Amino acid sequence: MSTSVVERPAAPATGPGATRSARSSGGRRRRIGLRVLALVVLYLLWELAARVTENPTFIPSPGAVWHQLVLTSTTHDGIRGYSGHLLAEHLGVSLRRIVIGSLIGVGGGLLLGILMGTVPWIRVVVEPVVTFVRALPPLAYFSLFIIWFGIDETPKLWLLSIAALPPVAVATASAVYSAPTGLVEAARALGAGRWQVVRDVVLPSAQPEIFTGVRLAVGIAYSSVVAAETINGVPGIGGMVRDAQRYSQTDVVVLGLFAIGLSGLLIDALLRTAENRLIPWRGRA
């Protein structure tokens, strides 16, 4: 006599965890859908504006910008890219300048911010200077750097470094100065020295604000790259934009702006990923 076993289908997952997972998945799909819809709407508005104006020098069509993307990324009729350099080469040179300038500015801003937050007299003396520099537009001191250092790479790196330093210095100083008093006093009560307290207590608590300052600094460096490459900026995406502007090549200008903006979004996404990994507790109660 044989006995048949009937398998019952597995019960669907229930409970708070499944509900949260479903909501998170649904929210992610909605966000992606909204972003795709926004891009489609912007594209249609751009295409409409180009057709209505019928002036490619004023508003180039998306097709014209795409055509320039192909031309500047390849060699055609013996012409290599734009001004003898491919678009990837222009962007690579600018990114190298931005990375080096941001690293110098962030490093200097961290050191200056820690000193401003821990040594009162340094804060009193240096804070007005940092605020003064932060208020200056990059071109205001770029001319001075050209007089001092010439027209090669040095003035460009100085410009990006100085532009990136104030946001990190201000954010770091504010976060260090506002470190939890209870934790600082507890560390001192356990025998920690001044710089041990800074290293083990103050800086970990200040990391969220410091990362915010770093993201702002990189964004300012990106916005300053066109100014940095005003003089002798080719190869460089900012130099390409400035050169195209002189000859009213609006499609090349728009292409360069897209290249800067999209690469900036990528770098900011990498910074946010690093922030989420290094500071997983941020934004949580």
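Residues numbered from 1 in each chain as written. Predicted model: local features only at pLDDT ≥ 70, side-chain atom pairs only at ≥ 80, totals over all residues. Heavy atoms only, no water.

Draft legend 1. Looking closely at the overall build of the protein. Broken down by element type, the protein carries ten helices and two strands. The secondary structure elements of the protein, listed N-terminal to C-terminal, are α-α-β-β-α-α-α-α-α-α-α-α. Within the protein, buried positions represent 35% of all 285 residues. The contacts of the protein with a sequence gap of at least 6 include a subset with a gap of at least 24, amounting to 69%. (Helix = DSSP H or I, 4+ residues; strand = E, 2+ residues; numbered from the N terminus. Buried < 20%, exposed > 50% of the residue type's maximum accessible area, 1.4 Å probe, protein only. Contact = heavy atoms within 4.5 Å.)

Draft legend 2. Molecular detail of the pattern of salt bridges. Counted according to the given criterion, the structure contains ten salt bridges. Ionic pairing is found between arginine 80 and glutamate 89, a salt bridge with its closest N-O pair at 2.7 Å. The salt bridge partner of aspartate 243 is arginine 246, with a shortest N-O separation of 3.9 Å. Of this pair, aspartate 243 and arginine 246 both sit in helix H9 (residues 237–246), three residues apart, which is roughly one turn of the helix. Through salt bridges with shared partners, one network takes in Arg96, Arg97, Glu153 and Glu229. (Salt bridge = Lys/Arg side-chain N within 4 Å of Asp/Glu carboxyl O.)

Draft legend 3. The layout of surface pockets, seen in detail. The volume enclosed by the largest pocket comes to roughly 420 Å³. Along the wall of the largest pocket there are 14 residues; nearest its centre are Trp46, Val65, Trp66, Phe258 and Leu262. For the lining of the largest pocket, the secondary-structure elements that each account for two or more residues are helix H1 (16–53), helix H2 (62–72), helix H3 (87–118) and helix H10 (250–278). Across the lining of the largest pocket, the residue classes break down as 14 nonpolar, no polar and no charged. Residue assignment places the lining of the largest pocket across two domains, with domain 1 (31–78) and domain 2 (87–278) each supplying three or more. The calculated volume of the second largest pocket comes to roughly 320 Å³. As for the second largest pocket, its lining consists of 18 residues, and the residues nearest its centre are Gly117, Thr118, Val176, Val184 and Arg188. Of all the secondary structure elements, the ones that give two or more residues to the lining of the second largest pocket are H3, helix H4 (120–135), helix H6 (153–177), helix H7 (181–189) and helix H8 (194–228). (1 Å grid on protein atoms, 1.4 Å probe; cavity = no way out; pocket = protein on both sides within 12 Å on 5 of 7 lines; lining within 4 Å. Points joined across faces, edges and corners; volume = space filled by probe spheres on them. Nonpolar A, V, L, I, M, F, W, Y, C, P; charged D, E, K, R; others polar. Domains from an automatic or database assignment.)

Draft legend 4. View of the UniProt feature "transmembrane region" (unreviewed entry) in the protein. Mapped onto this structure's residue numbering, the UniProt feature "transmembrane region" (unreviewed entry) falls at residues 32–49, 98–119, 131–151, 157–179 and 252–271. Along residues 98–119 the backbone is 95% helical and 0% strand, and the end-to-end C-alpha distance reaches 31 Å. The straight-line gap between the two end C-alpha atoms of residues 157–179 is 33 Å; of that span, 91% is helix and 0% is strand. (UniProt positions renumbered as here; feature names shortened; annotations may be inferred.)

Draft legend 5. Local environment of the packing of H3 against H6. The geometry of H3 relative to H6 is characterised by a closest axis approach of 5 Å and an angle of 35 degrees between their N-to-C directions. As for how H3 packs across H6, the hand of that crossing is right-handed. A class-by-class count of the residues in the contact of H3 with H6 yields 17 nonpolar, ten polar and four charged. (Axes fitted to C-alpha atoms, helices over the stretch in contact; angles between N-to-C directions. Left-handed = near helix turned anticlockwise from the far one by under 90°.)

Draft legend 6. Local environment of the side chain of serine 102. The topology assignment puts serine 102 in helix H3. Judged by relative accessible area, serine 102 falls into the buried class, the value being 8%. With residues up to four places along the chain from it excluded, the contact list for serine 102 reads Ala164, Val218 and Ala221.

Draft legend 7. Spotlight on a nonpolar patch on the surface. A contiguous nonpolar patch, built from Leu34, Leu37, Leu39, Val41, Leu42, Leu45, Leu48 and Val52 and spanning about 820 Å² of accessible area, is present on the exposed surface. Counting through the fold element by element, leucine 39 comes out in helix H1. By relative accessible area, which is 58% here, leucine 39 ends up exposed. (Patch = residues over 30% accessible without salt bridge, like charges linked within 9 Å, V, L, I, M, F, W, Y side chains within 5 Å. Areas by Shrake-Rupley, 256 points an atom, 1.4 Å probe, with all protein chains shown as cover.)

Draft legend 8. Region of the structure containing unusual backbone geometry. Although it is not a glycine, glutamate 54 sits at a positive phi angle of roughly 50 degrees. By the element assignment, glutamate 54 lies in the loop between H1 and H2. With a relative accessible area of 68%, glutamate 54 lands in the exposed category. Here serine 248, not a glycine, exhibits a phi torsion of approximately 55 degrees, which is positive. Locating serine 248 in the fold gives a position in the loop between H9 and H10. Taking the relative accessible area as the measure of exposure, serine 248 reaches 46% and is therefore partly exposed.

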